[in-house]
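Survey of secondary and tertiary structure
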Amino acid sequence: MITKILAFLIFLFLLYIVVFYKILFFSTYHVFAFAEIYTTIATVYLLSRFLFVYFYKDNHKIDIPQDKIRWSDITFIIACKNEEKSIYRTIEACMESNYIGKMECIVVNDGSTDNTLAEMNRAKEKYKKQLKIVSFDINRGKREAMAEGVLLSHGEIIVFVDSDSFIKKDTLHLLVLHFLMDKKVGAVSGNTTVENKDKNFLTKMQSARYGISYDIFKASESVLGTVTCCPGCFSAYRKEALVKVLSLWRNQMFFGSKSTFGDDRSLTNFVLRNWKVVYCQKAKASTIVPETYIKFFKQQLRWKKSWIREGSTAAQFIWKKHPFASISFYANVLLPIFGPFIIVYIIYFSIVNKQLPVIFFLGALCMSMIFGAFYYTKSLNKLWWYVGFFSLLYVTILVWQMPYALFRLRDTKWGTR
């Protein structure tokens, strides 16, 4: 309790620092009107996330006695290529779930060239008829593998799990309750943390970033039922919602190229058009993140390309949702796109006036630390302060991937395989 109070005081202190920074920034730098507008919108949008999170409740109360609930049948779908080190553990984590209803697992070997298929067969010996193996002779892509799994599934709820992710034993029923409580819910994002967080400096940064992404940004979107991405590492869908869009999603084209990456964000978009999409904070899983910077940068570029593509798609229908959800979405899409231009201007302005852009970078650092401190009050994750380093990495390096991603949208290569 004392630790949480201290973290909250740090959060308030940093909040005051950011407000002071804004006053100092506008009084020190006579920036042009667009930069003032951009900075103001960015600040309002980011700070508004805390207000939305205040109203977020991961409620699992249902007006049916526990012994009277008819628990939906579940189908796990795991698409996999060259994951011999983790696939058995992933299957085991799914099948050992403490879930009352029926479970089946469909694993799709997407043209692996290592011992992945052998590990799948080893799991088959243990789980018998509950486990179905589909094996592609050549790599067809994760989307094809996922779609094949859906077509073969018998469950009313489809749970997608990445081949290097591991769900917790007592978590599955929490996801399912969201579908039982609200018939308008079409998809639920689970809460995924970093499995290899203590490996090195990079994984610690990602651990902090994952926590904020889920417990602040997804939680704030969930308040209005408009979570914009149910990550492939651990998310569930109502099968009824999937079958209606499966063919469109499977054969999605963008600028003349077949969409091969960003399958999770794309599938969320298709479902979000007509259903609520929410976040379940208490449904836990962990996933293995990149441990080298080269692999990490390639992953981030792929994510940015899918973010641009699916952001432009969602922009065409999100205005039909709640007004607050729409405003938040458009702000979230436009701010990163214009971010590089703002940074270039501030650096140029500083050089011309023989000044260092210290205030700008300190402001970005303080804003990220506010999120980190707030996240710590909710999770007590001791790596929360690494989000400051992630923020500096973003404004100095990762931000420049955005314009590059725009020019590489038609490149369908996965990048990290």
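Look up a bit, the structure's there.
What counts, and at which threshold
Residues numbered from 1 in each chain as written. Predicted model: local features only at pLDDT ≥ 70, side-chain atom pairs only at ≥ 80, totals over all residues. Heavy atoms only, no water. Disulfide = S-S within 2.5 Å. 1 Å grid on protein atoms, 1.4 Å probe; cavity = no way out; pocket = protein on both sides within 12 Å on 5 of 7 lines; lining within 4 Å. Points joined across faces, edges and corners; volume = space filled by probe spheres on them. Helix = DSSP H or I, 4+ residues; strand = E, 2+ residues; numbered from the N terminus. Nonpolar A, V, L, I, M, F, W, Y, C, P; charged D, E, K, R; others polar. Core = buried A, V, L, I, M, F, W, Y, C linked by side-chain atoms within 4.5 Å. Buried < 20%, exposed > 50% of the residue type's maximum accessible area, 1.4 Å probe, protein only. Contact = heavy atoms within 4.5 Å. Axes fitted to C-alpha atoms, helices over the stretch in contact; angles between N-to-C directions. Parallel < 35°, antiparallel > 145°, perpendicular 65-115°, else oblique. Polar contact = N/O pair within 3.5 Å; in protein donor to acceptor, adjacent residues only side chain to side chain. Pairing = 2+ DSSP bridges. Right-handed = clockwise from strand over helix to strand, strands pointing away. Phe/Tyr/Trp six-rings, centres within 6.5 Å; stacked < 30°, edge-to-face > 60°. Lys NZ or Arg CZ within 6 Å of the ring centre and 35° of its normal.

Moving on: the state of the cysteines. Tallied over the full model, the rule gives zero disulfides. In this structure cysteine 94 is a free cysteine whose sulfur lies 5.4 Å from that of cysteine 105, the closest cysteine sulfur available.

On to empty space enclosed by the protein. Applying the stated rule across the entire model yields four cavities of 30 Å³ or more. By volume, the largest cavity is sized at about 130 Å³. Along the wall of the largest cavity there are 14 residues; nearest its centre are Arg49, Glu221, Thr226, Ala325 and Ser328. Going through the elements one at a time, helix H2 (33-55), helix H7 (201-222) and helix H12 (323-352) are the ones with two or more residues in the lining of the largest cavity. The dominant element in the lining of the largest cavity, judged by the number of residues it contributes, is H12, at five residues. Looking at the lining of the largest cavity, its residues break down into seven nonpolar, five polar and two charged.

A separate point is the nonpolar core. Of all hydrophobic cores here, the largest spans 76 residues; its most connected members are Phe160, Ile216, Tyr237, Leu242 and Val271. Broken down by element, this core gets its largest block of residues, ten residues, from helix H13 (residues 358-379). Here valine 271 is in contact with Gly186, Ala187, Tyr237, Ala241, Leu242 and Val277, once residues within four sequence places are set aside. Ranked by size, the runner-up nonpolar core spans 39 residues in total, among them Ile74, Ala123, Val161 and Phe234.

To continue, consider the packing of H7 against H13. Relative to each other, H7 and H13 sit at 75°, their axes nearing to 10 Å. Taken together, the axes of H7 and H13 are roughly perpendicular relative to one another. For the pair formed by H7 and H13, the contact residues are Ala208, Gly211, Ile212, Asp215, Ile216 and Phe217 on the first element and Phe371, Gly372, Phe374, Tyr375, Lys378 and Ser379 on the second. For the contact of H7 with H13, the per-class residue count stands at seven nonpolar, three polar and two charged.

Attention now goes to the environment of asparagine 251. For asparagine 251, the location among the structural elements is in the loop between helix H9 (246-250) and strand S8 (253-254). On the basis of relative accessible area, asparagine 251 is assigned to the partly exposed category, the value being 44%. Once the C-alpha coordinates of asparagine 251 and glutamate 144 are considered, the two residues, 107 residues apart in sequence, prove to be 9.1 Å apart. Of note is the side chain of asparagine 251, whose polar atom sits 2.9 Å from the backbone oxygen of serine 247.

Among the eight residues of strand S2 (residues 103-110), eight are classified as buried, and the element is accordingly described as predominantly covered. By the alternation rule, side chains of S2 split into Met103, Cys105, Val107 and Asn109 and Glu104, Ile106, Val108 and Asp110, which are all buried. Two strands pair when backbone bridges link them, and strand S1 (residues 74-80) and S2 are joined in this way by seven bridges, in the parallel orientation. Opposite isoleucine 77, over in S2, you have isoleucine 106 as the bridge partner. With helix H3 (residues 87-95) bridging S1 and the parallel S2, this β-α-β connection has right-handed handedness. At this point the chain moves from S2, through helix H4 (residues 116-127), to the parallel strand S3 (residues 131-136), and the crossover so formed is right-handed.

The next subject is the packing of aromatic side chains. The geometry of two aromatic rings is summed up by the distance between their centres and the angle between their planes. Counted under the stated rule, the structure contains 21 aromatic pairs. Aromatic side chains phenylalanine 50 and phenylalanine 374 sit 4.7 Å apart centroid to centroid with 55° between the ring planes, which places their arrangement in the tilted category. With a gap of 324 residues between them, phenylalanine 50 in helix H2 and phenylalanine 374 in helix H13 connect regions that are remote in the sequence. Phenylalanine 50 sits in the buried class, given a relative accessible area of 10%. Residue classification places phenylalanine 374 among the buried positions, given a relative accessible area of 13%. Ring centres of phenylalanine 52 and phenylalanine 324 lie 6.5 Å apart, and the angle between their planes is 80°; on these two criteria the pair is classed as edge-to-face. Placement of phenylalanine 52 in helix H2 and of phenylalanine 324 in helix H12 is noted, with a sequence separation of 272 residues between them. These aromatic residues form a ring-pair network of at least three members: Phe50, Phe217, Phe371 and Phe374. Lysine 57 extends its terminal NZ or CZ atom over the ring of tyrosine 54, reaching a point 5.7 Å from the ring centre. The aromatic ring of tyrosine 214 is capped on one face by lysine 218, whose charged end is 5.5 Å from the ring centroid.

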